[in-house]
Amino acid sequence: MLNLGTIDRSNDRPPYRQIADILRAHIDHGRLTPGEQLPSEATLIDHFGVARMTVREAIKELRTEGLVVAQHGKGVFVRSAPPVRRLASDRFARRHRKEGKSAFIAEAEASGHVPSVDQIRVTNEVASADIAERLRLKPRERVIVRSRRYLTDGRPVETATSYIPESIAKGTPIAEVNTGPGGIYGRIEDAGYELARFMEEVSARMPTPDERKALEIGAGIPVMTLVRTAYDTNDIPVEVCDTVKIAHSFVLEYDIPAQ
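Brief notes about the overall build of the chain
- The helix and strand tally for the chain stands at ten helices and ten strands.
- Expressed as a percentage of its 259 residues, the buried residues of the chain come to 43%.
- Here the analysis covers contacts within the chain between residues at least 6 apart in sequence; of these, 61% occur between residues at least 24 apart.
- Here the chain has roughly 13,900 Å² of accessible surface; of this, 50% comes from carbon and sulfur atoms.

Regarding the nonpolar core
- In this structure, Ile19, Leu23, Leu38, Leu44, Phe48 and Ile59 are the most contacted members of the largest nonpolar core, which totals 20 residues.
- Of all the secondary structure elements, the ones that give two or more residues to this core are helix 1 (15–28), helix 2 (41–48), helix 3 (52–64) and strand 2 (75–78).
- Take this core: its biggest share by element is five residues, from helix 1.
- Excluding residues that lie within four positions of it along the chain, Leu23 makes contacts with Leu4, Leu32, Leu38, Pro39, Leu44, Ile59 and Leu62.
- Ala169, Ile184, Tyr185 and Ile188 belong to the second largest nonpolar core, which has eleven residues in total.

Quick word on the sheet that holds strand 8 (residues 223–232)
- The six strands are arranged 4-5-6-9-8-7 in an open sheet whose pairing can be described as antiparallel. Each end of this open sheet is capped by a strand with a single partner; those strands are strand 4 (115–126) and strand 7 (195–205). Averaged over all neighbouring strand pairs, the angle between strand axes comes to 15°, with direction disregarded.
- Taken together, the ten bridges between strand 5 (residues 142–152) and strand 6 (residues 155–165) define a ladder with antiparallel strand orientation. For Arg149, the partnering residue across the bridge sits in strand 6 and is Thr159.

Focus on helix 3
- Counted at 1.5 Å a residue, the expected span for helix 3 with its 13 residues is 18 Å, and the 18 Å between its end C-alpha atoms agrees.
- Residues of helix 3 that are buried: Val55, Ala58, Ile59, Glu61, Leu62 and Thr64.
- In this structure, the buried residues of helix 3 make contact with helix 1, helix 2, strand 1 (68–71), strand 2 and strand 6.
- Gly66 sits one or two residues past helix 3 and shows a positive phi near 80°.

Some remarks on the packing of helix 1 against helix 3
- In contact at an axis separation of 8 Å, helix 1 and helix 3 are set at 50° when each is read in the N-to-C sense. Looking at the two axes, helix 1 sits oblique to helix 3. Along this stretch, helix 1 crosses helix 3, giving a crossing that reads as right-handed. Listed contacts from helix 3 to Pro15, Tyr16, Arg17, Ile19, Ala20, Leu23 and Arg24 of helix 1 are Thr54, Glu57, Ala58, Ile59, Glu61 and Leu62.

A word on the packing of helix 2 against helix 3
- Interaxial distance between helix 2 and helix 3 falls to 9 Å at its minimum, and their mutual angle equals 115°. Crossing geometry of helix 2 relative to helix 3 is assigned as right-handed. Residues Glu41, Leu44 and Ile45 of helix 2 form the contact with helix 3, whose own contacting residues are Arg52, Val55, Arg56 and Ile59.
- In terms of residue class, the contact of helix 2 with helix 3 is built from four nonpolar, no polar and three charged.

Observations regarding the environment of Leu23
- Its location among the elements puts Leu23 in helix 1.
- Judged by relative accessible area, Leu23 falls into the buried class, the value being 0%.
- In sequence terms Leu23 and Leu67 are 44 residues apart; their C-alpha atoms lie 10.0 Å from each other.

Comments concerning the packing of aromatic side chains
- Enumeration according to the criterion identifies one aromatic pair in this entry.
- Seen from their ring centres, Tyr185 and Phe198 are 5.4 Å apart, and the 50° between their planes marks the pair as tilted. Here the residue Tyr185 occupies a position in helix 9 (residues 183–190), and Phe198 occupies one in strand 7, the gap between them amounting to 13 residues.
- Classification of Tyr185 as buried rests on a relative accessible area of 8%.
- Over the ring of Tyr231 we find Arg197; its NZ or CZ atom is 3.9 Å from the centre of that ring.
- The ring centre of Phe250 lies 4.4 Å from the NZ or CZ of Lys245, which sits over that ring.

About the cut-offs
Residues numbered from 1 in each chain as written. Predicted model: local features only at pLDDT ≥ 70, side-chain atom pairs only at ≥ 80, totals over all residues. Heavy atoms only, no water. Helix = DSSP H or I, 4+ residues; strand = E, 2+ residues; numbered from the N terminus. Buried < 20%, exposed > 50% of the residue type's maximum accessible area, 1.4 Å probe, protein only. Contact = heavy atoms within 4.5 Å. Areas by Shrake-Rupley, 256 points an atom, 1.4 Å probe, with all protein chains shown as cover. Core = buried A, V, L, I, M, F, W, Y, C linked by side-chain atoms within 4.5 Å. Pairing = 2+ DSSP bridges. Axes fitted to C-alpha atoms, helices over the stretch in contact; angles between N-to-C directions. Expected span 1.5 Å × (residues − 1). Parallel < 35°, antiparallel > 145°, perpendicular 65-115°, else oblique. Left-handed = near helix turned anticlockwise from the far one by under 90°. Nonpolar A, V, L, I, M, F, W, Y, C, P; charged D, E, K, R; others polar. Phe/Tyr/Trp six-rings, centres within 6.5 Å; stacked < 30°, edge-to-face > 60°. Lys NZ or Arg CZ within 6 Å of the ring centre and 35° of its normal.

Shape is all these values report; function is a separate question.
The structure is reproduced here in structure tokens:
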């Protein structure tokens, strides 16, 4: 039996947030383990002496943080799936493309998730100053822009927008919704640009309202941003990818040799 404690009604922090804090602490300290069911609504209402809506707001807070999942007709359970482990030294391996898998598909499956992609949008645009600089394009040169949303087990975890020079992508499946097996990088290599290296810039911040909506997260949930530039064997930049990841949904792993 969990020791749920009490809420402080003299505290300025709303009761639903205090209840969420209590349940979150039990999850963080292992007193509620992955896959375990939370106390029922009725139990929480009776224990804390609050309205049903207060309990539901507390549970909603935990759901938006990705800590719990609701199963219709069964209850609310601590999320059991581990975060996606993003191994930088492996995710762009050519063997994944030969198997017809994009980097995200390969790493999500390796972490035990069922991956999917939706909200795919493809446009042809004039490159912004920042993208033009990264791709070494001249002013007013155009890029094929591919935006999409990635999901694990049906839940959004990341959005990504790729920018590929029109000179590389025009007339290829990169400019279509379905790029085919191996994704964008498979088609770039098909076009004669053998990939050699990737440069990544990682930072963290709070999401914009549009990002919160796309990722279906609540206020106070941070995101990681990762901007990647891909280069071919002639050191030509062939793609820039700007991704926004829910922070708690990923572990970024880097294997860096000592020199």
